[in-house]
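# Chains, contacts and geometry: an overview
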Amino acid sequence: KAGVPALLDDRDERAGGKFKDADLFGAPVSIVIGERTLKEGCVELRIRDRDINEKVEVDTILSRVMQALDK
């Protein structure tokens with residue numbers, strides 16, 4: 001709805017392989033949804049060109065992604 005193109009990697013692969021493929025595609029932003037962080041109400045936000053890797057609350061992730069893409 002926000003007009004941001006997205007790629008969902010739901011393959012039955014190990015996380016490391018998925019992250020490597022995302023780097024090869026040149027994905028500037030990755031959102032990692034894991035059981036532990038989701039139980040905390042968070043997801044992991046990775047911004048490739050700024051070497052940012054942080055937990056973000058689920059209800060604020062869209063605004064953080066939009067902010068990351070504007071800069």
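Everything below is about the structure shown above.
So, a few notes on the structure that sits alongside this text. Values in this document were obtained by computation on a predicted structure and should not be read as measured data. (Residues numbered from 1 in each chain as written. Predicted model: local features only at pLDDT ≥ 70, side-chain atom pairs only at ≥ 80, totals over all residues. Heavy atoms only, no water.)

With that settled, the discussion passes to the overall build of the protein. When its secondary structure is counted, the protein shows 3 helices and 3 strands. Walking the protein from its N terminus toward its C terminus, one meets helices and strands in the order α-β-α-β-β-α. In terms of C-alpha radius of gyration, the protein reaches 12 Å, essentially the compact-globule figure of 11 Å for 71 residues. For the protein, the spread of C-alpha atoms along the three principal axes comes to 30 × 30 × 25 Å. The buried share of the protein, reckoned over its 71 residues, is 18%. Within the protein, contacts between residues separated by at least 24 positions form 18% of all contacts whose residues are at least 6 apart in sequence. For the protein, the accessible surface area stands at approximately 5,900 Å², while carbon and sulfur atoms represent 52% of it. Of note, the protein has its 13 positive side-chain charges centred 1 Å away from the centre of its 15 negative side-chain charges. (Helix = DSSP H or I, 4+ residues; strand = E, 2+ residues; numbered from the N terminus. Rg over C-alpha atoms; globule rule 2.2 N^0.38 Å. Buried < 20%, exposed > 50% of the residue type's maximum accessible area, 1.4 Å probe, protein only. Contact = heavy atoms within 4.5 Å. Areas by Shrake-Rupley, 256 points an atom, 1.4 Å probe, with all protein chains shown as cover. Lys, Arg positive; Asp, Glu negative; His and termini not counted. Charge placed at Lys NZ, Arg CZ, Asp CG, Glu CD.)

This next bit is on the packing of aromatic side chains. Taken as a whole and assessed by the stated rule, the structure comprises 0 aromatic pairs. For Arg 46, the ring lying beneath its charged end belongs to Phe 19, and the centroid distance is 4.0 Å. (Phe/Tyr/Trp six-rings, centres within 6.5 Å; stacked < 30°, edge-to-face > 60°. Lys NZ or Arg CZ within 6 Å of the ring centre and 35° of its normal.)

Just geometry here; none of it tells us what the structure is for.
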